[in-house]
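Chains, contacts and geometry: an overview
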Amino acid sequence: MSEAAWERTVRVATAEQTHALGSALGEVLERGDLLVLTGELGAGKTTFTQGLGEGLGVRAGVISPTFVLVRIHPNLPNGPRPGGPDLVHVDAYRLASAAEIDDIDLENTMDSSVTVVEWGRERVEHLADSRLDIEMHRTVGGSDAAVATREAGRDAVLDFDPEDDDEPRTIVFRGFGPRWSTVPEILEENA
């Protein structure tokens, strides 16, 4: 895996802020953009993607594609970005390899859509020359606690209420490839 061109960390306090950050980023996304979302259960990946959808101007109702693997959300012709890209939302949690990603045939929509892949790290990097890697962490019961538990030789226990969307999150953005050679302005403003 190549080195990231840059890295920015943003802290948000609520689900509303997570959604708003996604929406602001969605406004600058272009056809062919690949975003890879990583984070423990309840970290806010779907909330962030809902914001992206709003910023892209796609049909409302973005939900996790956990059981169908892929959902396509079309751009609204009378929305905020008429003629803009569709949103292809993928959940790769149950997919074990890049070969299984290839089986769902994302190549057919990559050039005309923005593709967001939850749990896609080490599975989708081959799909595009550039990608925006987004790693999300819950502050309470999140990755720091899980890492400390694993290092102590115990199984990680997720200690959080999955319905509690209003706890702080840390979101780490990393840009790879020519499309993401510079930091988007929205991330400079929020860093």
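No experiment lies behind these values; they were computed from the predicted model shown.

The next thing to look at is the overall build of the protein. A tally of regular secondary structure across the protein gives six helices and seven strands. Secondary structure of the protein in N-to-C order comes out as β-α-β-α-β-β-α-α-β-β-α-β-α. Looking at the protein as a whole, 49% of its 191 residues are labelled buried. Partitioning the intrachain contacts of the protein with sequence separation of at least 6 by distance along the chain shows that 76% fall at a separation of at least 24. Split by element, the accessible area of the protein, about 9,500 Å² in all, is 48% carbon and sulfur.

Right, let's get into helix H2 (residues 45-56). With 12 residues, H2 extends 16 Å from end C-alpha to end C-alpha; this agrees with the ideal 16 Å at 1.5 Å per step. Of all 12 residues that make up H2, nine are buried, and the element is covered over most of its length. By the burial criterion, the buried members of H2 are Lys45, Thr47, Phe48, Thr49, Gly51, Leu52, Gly53, Gly55 and Leu56. Turning to H2, the residues buried within the fold contact helix H1 (15-26), strand S2 (34-39), strand S4 (86-91), strand S5 (113-118), strand S6 (131-138) and strand S7 (169-176). At the C-terminal side of H2, Gly57 shows a positive phi close to 80°.

Here H1 spans 16 Å end to end across 12 residues, near enough to the 16 Å set by a 1.5 Å rise per residue. Of all the residues in H1, the buried ones are Ala15, Thr18, Leu21, Gly22, Ser23, Ala24, Leu25 and Gly26. Where H1 is buried, its residues meet strand S1 (6-12), S2, H2, S6, S7 and helix H6 (185-190).

Once that is clear, we can look at the nonpolar core. Membership of the largest hydrophobic core comes to 27 residues, with the highest contact counts inside it found for Leu21, Leu25, Leu35, Phe48, Ile134 and Phe173. Breaking this core down by element, the ones donating at least two residues are S1, H1, S2, H2, S5, S6, S7 and H6. Discounting residues that sit within four places of it in the chain, Ile134 has contacts with Leu25, Leu35, Val36, Leu37, Thr38, Phe48, Ile171, Val172 and Phe173. Listed in part, the 14 residues of the second largest apolar core include Val88, Ala92, Leu95 and Ile101.

By the criterion of burial, S2 is predominantly enclosed, with six of the six residues buried. The side-chain alternation of S2 yields two buried faces, one formed by Leu34, Val36 and Thr38 and the other by Leu35, Leu37 and Gly39.

Turning our attention to the environment of Arg121. Counting through the fold element by element, Arg121 comes out in the loop between S5 and S6. Separated by 84 residues in sequence, Arg121 and Leu37 place their C-alpha atoms 7.5 Å apart. Those residues within four positions of Arg121 in sequence are excluded, and the remaining contacts are Val36, Thr38, Asp133, Glu135 and Arg174.

It is worth spelling out the side chain of Asp33 at this point. Looking at where Asp33 falls in the secondary structure, it is placed in the loop between H1 and S2. In this structure Asp33 comes out as buried when scored by relative accessible area, which is 4%. Only 2.7 Å separates the side chain of Asp33 from the backbone nitrogen of Glu30, close enough to count as a polar contact. Setting aside its immediate chain neighbours within four residues, Asp33 contacts Ser113, Val114, Thr115, Arg179 and Trp180.

Quick look at the pattern of salt bridges now. Opposite charge on two side chains allows them to pair when their charged atoms are near. Counted according to the given criterion, the structure contains nine salt bridges. Of the charged contacts in the structure, one is a salt bridge between Glu188 and Arg8, with a shortest N-O distance of 3.2 Å. Pair noted here: Glu188 is in helix H6 and Arg8 is in strand S1, with a separation of 180 residues, a long-range link. Exposure remark for Arg8: the relative accessible area of 24% places this residue in the partly exposed category. Of the charged contacts in the structure, one is a salt bridge between Arg138 and Glu167, with a shortest N-O distance of 2.6 Å. Taken together, the positions of Arg138 in strand S6 and Glu167 in the loop between helix H5 (143-151) and S7 put the pair 29 residues apart, joining distant regions of the chain. Each of Glu7, Arg121, Asp133, Glu135 and Arg174 takes part in one network of salt bridges that share partners.

Conventions we followed
Residues numbered from 1 in each chain as written. Predicted model: local features only at pLDDT ≥ 70, side-chain atom pairs only at ≥ 80, totals over all residues. Heavy atoms only, no water. Helix = DSSP H or I, 4+ residues; strand = E, 2+ residues; numbered from the N terminus. Buried < 20%, exposed > 50% of the residue type's maximum accessible area, 1.4 Å probe, protein only. Contact = heavy atoms within 4.5 Å. Areas by Shrake-Rupley, 256 points an atom, 1.4 Å probe, with all protein chains shown as cover. Expected span 1.5 Å × (residues − 1). Core = buried A, V, L, I, M, F, W, Y, C linked by side-chain atoms within 4.5 Å. Polar contact = N/O pair within 3.5 Å; in protein donor to acceptor, adjacent residues only side chain to side chain. Salt bridge = Lys/Arg side-chain N within 4 Å of Asp/Glu carboxyl O.

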